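# An overview of the molecular structure
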Amino acid sequence: MTAPAQDRPTACLALADGSLFYGMGFGATGQTVAELCFNTAMTGYQEIMTDPSYAGQVITFTFPHIGNVGTNPEDDETGDPVAAGMVVKWMPTDPSNWRNVQPLSDWLAARGRIAIGGVDTRRLTRAIRHQGAPHVALAHDPEGNFDIEALVNAARGFAGLEGMDLAKDVTCAQSYRWDEMRWAWPDGFPRQTNPKHKVVAVDYGAKRNILRCLASAGCDVTVLPATATYEDVMAHNPDGVFLSNGPGDPAATGEYAVPMIRDVLENTELPVFGICLGHQMLALALGAKTIKMSHGHHGANHPVKDNDTGKVEITSMNHGFAVDAQTLPKGVVETHVSLFDGSNCGIRMADRPVWSVQHHPEASPGPQDSYYLFERFAAAMDDRKKATAKA
């Protein structure tokens, strides 16, 4: 079976339930299979596509003006796009921005990522919200030739993200140092030349802007692969340990990540701070459990309440799994909750400087609602040094 000849679309999105969405392809040609999610952010499509947490997913953008500012190397969150593909309402227009280096379609094509435009993204988003994140096959053929049966079967054959350890696919191959700080006009990214704290950041799929925020908070950052052991971490004599964001099923990544975190908690008094998958890793190490969400949280407009202060923060989120707050053990406090659905968005140990959040404070959607978390991490390392000096 082929696509309708009279329309001659050049791209097709096939859902595992047999639903078909035709449109015009751009970016790379070929075919990919993945889980489909939607993102509600109005800006940052390049950062979203290069966020390692999107491994194994095709992204439907609910905002129609995708591609309008082009792309540039400074906005990449990692070396190449990690998301499998994108779905948009309108085809990208010619970029109009002084920072543009390359049109979105060319940028995607050079990096092997498929995109489809002209899709009813509102209808697609409603389907995801009501039925959960589906498995899909996305194909781009300039001639408009599609084997629909094969595409639907490919979508149905996708294994899904449950049980899938994707952190090992996106983590760094070896350790490295990081000293680049947050972007500032007019100089771009300055370097941290006077750090106060040595931090080991465990990379489960770390975004560059998280590392920049750590450096801006006064940290000398050493990044280690996801498989780092307790001995690997402590060999750097850190003042604190950071657990990064990342993709996939936290229970699968936890098979090797949780033992290291437990050793740090049991054998040291180091401050520990986690974000996204790092939050879930910490929760698992403390004895809680994680669950797969229906369609997850993906966007830059998610209200989260800080239970300690009552403050509501506008946050950026990207996660399809969540910590089950009902399983938090004694001595672990729920600090943040989503005001959309009440799901857990943060925890801390009651008697130690160990905490984590589900949202992304480095993405600055507020724009600075959650940056205090990095400052809190730095302050905890300061306090520990002072206490150690007095002892």
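These figures come from a predicted structure and were not determined experimentally.

Looking only at helices and strands, the protein features ten helices and 17 strands. The C-alpha radius of gyration of the protein comes to 21 Å, within 12% of the 21 Å expected for a compact globule of 391 residues. Dimensions of the protein along its principal axes, counting C-alpha atoms only, are 80 × 45 × 40 Å. Across the 391 residues of the protein, 56% fall into the buried class. Of the contacts made within the protein by residues no fewer than 6 positions apart, 75% connect residues no fewer than 24 positions apart. As presented, the protein carries roughly 16,200 Å² of accessible surface, and 49% of it is formed by carbon and sulfur atoms. The positive charge centre, built from 32 side chains, and the negative charge centre, built from 45, are 5 Å apart in the protein.

Turning our attention to the environment of Leu104. On the secondary structure map, Leu104 appears in helix H2 (residues 104–110). Residue classification places Leu104 among the buried positions, given a relative accessible area of 2%. Between the alpha carbons of Leu104 and Leu13 there is a distance of 20 Å; along the sequence they are 91 residues apart. Look past the residues within four positions of Leu104 in its chain and what remains in contact with it is Phe26, Tyr45, Ile66, Gly67, Thr71, Met86 and Pro92.

On to the sheet that holds strand E2 (residues 20–27). Strands sit in the order E1-E2-E6-E5-E4-E3-E7 around a closed barrel of seven strands; the barrel is mixed. Across the sheet, the axes of successive neighbouring strands diverge by a mean angle of 35°, strand direction being ignored. Both strand E5 (residues 85–87) and strand E6 (residues 114–117) contribute to a ladder of three bridges, which runs parallel. Bridging from a neighbouring strand, Val87 pairs with Ile116 of E6. Packed onto the sheet, helix H3 (residues 121–131) meets strand E1 (11–15), E2, strand E3 (30–39), strand E4 (57–61) and E5 and runs at close to 75° relative to E3. In the packing of helix H4 (residues 148–157) onto the sheet, contacts are made with E1, E2, E3 and strand E7 (135–140), and the angle to E1 comes to roughly 50°.

With that settled, consider the packing of aromatic side chains. Taken as a whole and judged by the stated rule, the model has seven aromatic pairs. With 5.6 Å between their ring centres and 55° between their planes, Phe273 and Phe377 make a pair best called tilted. Pair noted here: Phe273 is in strand E12 (residues 272–275) and Phe377 is in helix H10 (residues 372–390), with a separation of 104 residues, a long-range link. Clustering of aromatic rings is evident, with ring pairs tying together Phe242, Phe273, Trp355, Tyr371, Phe374 and Phe377.

Our focus in this paragraph is empty space enclosed by the protein. One pass over the structure, following the stated rule, counts one cavity of 30 Å³ or more. Here the largest cavity is characterised by a volume of approximately 140 Å³. Every element with two or more residues in the lining of the largest cavity is listed here: helix H9 (277–286) and strand E14 (312–323). For the lining of the largest cavity, the element with the highest residue contribution is E14, accounting for four residues. Class assignment for the residues of the lining of the largest cavity results in seven nonpolar, nine polar and one charged.

For strand E10 (residues 219–225), a buried count of seven out of seven residues is recorded, marking the element as mostly surrounded by other parts of the structure. Side-chain alternation along E10 places Cys219, Val221, Val223 and Pro225 on one buried face and Asp220, Thr222 and Leu224 on a second face that is also buried. One ladder, built from three bridges, connects strand E8 (residues 176–178) with E10; its direction is antiparallel. In the sheet register, Trp178 faces E10, and the bridge partner there is Val221.

What follows covers the environment of Ala55. Mapped onto the elements of the fold, Ala55 is located in the loop between helix H1 (45–49) and E4. According to the relative accessible area criterion, Ala55 is buried, its value standing at 9%. Each C-alpha atom, one on Ala55 and one on Asp249, is 11 Å from the other, the two residues being 194 residues apart in sequence. Excluding residues within four positions of it along the chain, Ala55 makes contact with Val82, Leu161, Leu166, Val170 and Pro247.

Turning to the UniProt feature "active site" (unreviewed entry) in the protein, a few remarks are in order. Sites flagged by UniProt as "active site" (unreviewed entry) map to Cys276, His360 and Glu362. A maximum C-alpha distance of 11.3 Å places the annotated residues, which cover 87 residues in sequence, within one compact spot. Filtering the just-named annotated residues for those lining the largest cavity gives Cys276. By secondary structure assignment, the location of Cys276 is in the loop between E12 and H9. Cys276 has contacts with Ser53, Asn245, Gly246, Asn318, Val357, Gln358, His359 and His360, leaving out every residue within four places of it along the chain. With respect to the helices, strands and loops of the structure, His360 is situated in the loop between strand E17 (354–357) and H10. On the basis of relative accessibility, which here comes to 2%, the residue His360 falls in the buried class. In contact with His360, other than residues within four places in its own chain, are Lys207, Ile210, Asn245, Ile275, Cys276, Ser316, Met317, Asn318 and Pro365. Within the structure, the side chain of His360 is placed 2.8 Å from the side chain of Glu362, a separation counted as a polar contact.

Rules behind the numbers
Residues numbered from 1 in each chain as written. Predicted model: local features only at pLDDT ≥ 70, side-chain atom pairs only at ≥ 80, totals over all residues. Heavy atoms only, no water. Helix = DSSP H or I, 4+ residues; strand = E, 2+ residues; numbered from the N terminus. Rg over C-alpha atoms; globule rule 2.2 N^0.38 Å. Buried < 20%, exposed > 50% of the residue type's maximum accessible area, 1.4 Å probe, protein only. Contact = heavy atoms within 4.5 Å. Areas by Shrake-Rupley, 256 points an atom, 1.4 Å probe, with all protein chains shown as cover. Lys, Arg positive; Asp, Glu negative; His and termini not counted. Charge placed at Lys NZ, Arg CZ, Asp CG, Glu CD. Pairing = 2+ DSSP bridges. Axes fitted to C-alpha atoms, helices over the stretch in contact; angles between N-to-C directions. Phe/Tyr/Trp six-rings, centres within 6.5 Å; stacked < 30°, edge-to-face > 60°. 1 Å grid on protein atoms, 1.4 Å probe; cavity = no way out; pocket = protein on both sides within 12 Å on 5 of 7 lines; lining within 4 Å. Points joined across faces, edges and corners; volume = space filled by probe spheres on them. Nonpolar A, V, L, I, M, F, W, Y, C, P; charged D, E, K, R; others polar. UniProt positions renumbered as here; feature names shortened; annotations may be inferred. Polar contact = N/O pair within 3.5 Å; in protein donor to acceptor, adjacent residues only side chain to side chain.

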